[in-house]
Amino acid sequence: MIERDLIIHPGETIKEIMLDRNMTTEELMVKTNLSLEYISDVIKGKKSISDIFASALENVFGISIESWINLQNIYDKNIY
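Residues numbered from 1 in each chain as written. Predicted model: local features only at pLDDT ≥ 70, side-chain atom pairs only at ≥ 80, totals over all residues. Heavy atoms only, no water.

An unreviewed UniProt entry annotates the protein chain as Helix-turn-helix domain-containing protein of Candidatus Onthousia faecipullorum.

See below:
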């Protein structure tokens, strides 16, 4: 089990990548063809990354679907 303080939601990773690339949530919405509400909820840690979002993130950021799903699974396993 990982210390609760060290567990981060994958949305935090998305937010960091977006900051590094000077990308807005609106730009990510356009590039992923997903709703602004859904993306915002994931970034805020309110929703999980879906397979569809993971696939879109792979296309936008070049980070594999498996990596995104793995991050979500680790978070879910350790937070619940």
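**Q** Give a description of the overall build of the protein chain that names residues and reports values.
**A** Secondary structure summary: the protein chain contains 5 helices and 0 strands in total. For the protein chain, the succession of helices and strands along the chain, N to C, is α-α-α-α-α. The globule rule puts the C-alpha radius of gyration for 80 residues at 12 Å, and the 12 Å found for the protein chain is close to it. Expressed along its principal axes, the backbone C-alpha trace of the protein chain runs to roughly 35 × 20 × 20 Å. Expressed as a percentage of its 80 residues, the buried residues of the protein chain come to 36%. In the protein chain, 53% of the contacts between residues at least 6 apart in sequence involve partners at least 24 apart. Summing over all exposed atoms, the protein chain offers an accessible surface of approximately 5,200 Å²; the carbon and sulfur share of this is 51%. Put simply, the protein chain has 8 plus and 13 minus side-chain charges, and the middle of one group is 3 Å from the middle of the other. (Helix = DSSP H or I, 4+ residues; strand = E, 2+ residues; numbered from the N terminus. Rg over C-alpha atoms; globule rule 2.2 N^0.38 Å. Buried < 20%, exposed > 50% of the residue type's maximum accessible area, 1.4 Å probe, protein only. Contact = heavy atoms within 4.5 Å. Areas by Shrake-Rupley, 256 points an atom, 1.4 Å probe, with all protein chains shown as cover. Lys, Arg positive; Asp, Glu negative; His and termini not counted. Charge placed at Lys NZ, Arg CZ, Asp CG, Glu CD.)

**Q** Tell me about the side chain of T32, and please be specific about residues and values.
**A** Within the fold, T32 resides in helix α2 (residues 25-32). Leaving out residues up to four positions away in the same chain, T32 has contacts with I39, F53, A56 and V60.

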